Amino acid sequence: NALRATLELGKPHEQAVAIAVLGEARATDAVPAIEPMLAHEYPLVRYFAQRALQEITGDPVAIDVGAPAPVVRRAADAWLHARMP
């Protein structure tokens, strides 16, 4: 899948577009691939990931994506684990 490959190998601006497309498509199977992007090196990519996850899940992703990446990573992991049954 080109979008999944872009998430893994693309440049940040390409990743942001792939994340947005997956979010608009409400691709529930993409949640595990998008979730790590919440701790991306670029805060703008983090924002797109947060928005896409909210669109896909319908749940708020109450994470400060402007915080340092390790802080965001811990919060994102906690968010994902809280969603799992």
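Criteria and thresholds
- Residues numbered from 1 in each chain as written.
- Predicted model: local features only at pLDDT ≥ 70, side-chain atom pairs only at ≥ 80, totals over all residues.
- Heavy atoms only, no water.
- Helix = DSSP H or I, 4+ residues; strand = E, 2+ residues; numbered from the N terminus.
- Rg over C-alpha atoms; globule rule 2.2 N^0.38 Å.
- Polar contact = N/O pair within 3.5 Å; in protein donor to acceptor, adjacent residues only side chain to side chain.
- Contact = heavy atoms within 4.5 Å.
- Buried < 20%, exposed > 50% of the residue type's maximum accessible area, 1.4 Å probe, protein only.
- Phe/Tyr/Trp six-rings, centres within 6.5 Å; stacked < 30°, edge-to-face > 60°.
- Core = buried A, V, L, I, M, F, W, Y, C linked by side-chain atoms within 4.5 Å.
- Axes fitted to C-alpha atoms, helices over the stretch in contact; angles between N-to-C directions.
- Parallel < 35°, antiparallel > 145°, perpendicular 65-115°, else oblique.
- Nonpolar A, V, L, I, M, F, W, Y, C, P; charged D, E, K, R; others polar.

Okay, the overall build of the protein next. Per the secondary structure count, the protein includes five helices and zero strands. Counting from the amino terminus, helix and strand elements in the protein follow one another as α-α-α-α-α. A compact globule built from 85 residues would reach a C-alpha radius of gyration of about 12 Å, and the protein, at 12 Å, matches this within 12%. Seen along its three principal axes, the alpha-carbon backbone of the protein occupies a region of about 30 × 25 × 15 Å.

Right, let's talk about the side chain of histidine 40 for a bit. Among the secondary structure elements, histidine 40 is positioned in the loop between α3 (31–34) and α4 (43–57). A polar contact of 2.9 Å, which involves the side chain of histidine 40, links it to the backbone nitrogen of tyrosine 42. When residues no more than four places from it in sequence are discounted, the contact partners of histidine 40 are Pro12, Gln15, Val45 and Arg46.

By the element assignment, glutamate 35 lies in the loop between α3 and α4. The exposure class assigned to glutamate 35 is buried, which follows from its relative accessible area of 4%. Among the polar contacts made by the side chain of glutamate 35, one reaches the side chain of arginine 73 at a distance of 2.6 Å. Among residues more than four places away in sequence, those in contact with glutamate 35 are Leu53, Arg73, Ala76, Asp77 and Leu80.

A separate point is the packing of aromatic side chains. As enumerated under the stated definition, the model contains one aromatic pair in all. Seen from their ring centres, tyrosine 47 and phenylalanine 48 are 5.8 Å apart, and the 80° between their planes marks the pair as edge-to-face. Residue classification places tyrosine 47 among the partly exposed residues on the basis of a relative accessible area of 38%.

Attention now goes to the nonpolar core. If you look at the biggest cluster of nonpolar residues, it comprises 25 residues, and the most contacted ones within it are Leu7, Ile19, Ile34, Leu38, Leu53 and Ile63. Residue assignment for this core shows that the elements contributing at least two residues are α2 (12–24), α3, α4 and α5 (69–83). By residue number, the principal contributor to this core is α4, which donates five residues.

The subject of this paragraph is the packing of α2 against α4. Viewed as axis vectors pointing N to C, α2 and α4 meet at an angle of 10°, and their least axial separation amounts to 8 Å. Comparing the axis directions of α2 and α4 gives the class roughly parallel. Contacts from Pro12, Ala16, Ile19, Ala20, Leu22, Gly23 and Glu24 of α2 reach α4 at Val45, Phe48, Ala49, Ala52, Glu55 and Ile56. Each residue belonging to the contact of α2 with α4 can be placed in one class, and the counts come to 10 nonpolar, one polar and two charged.

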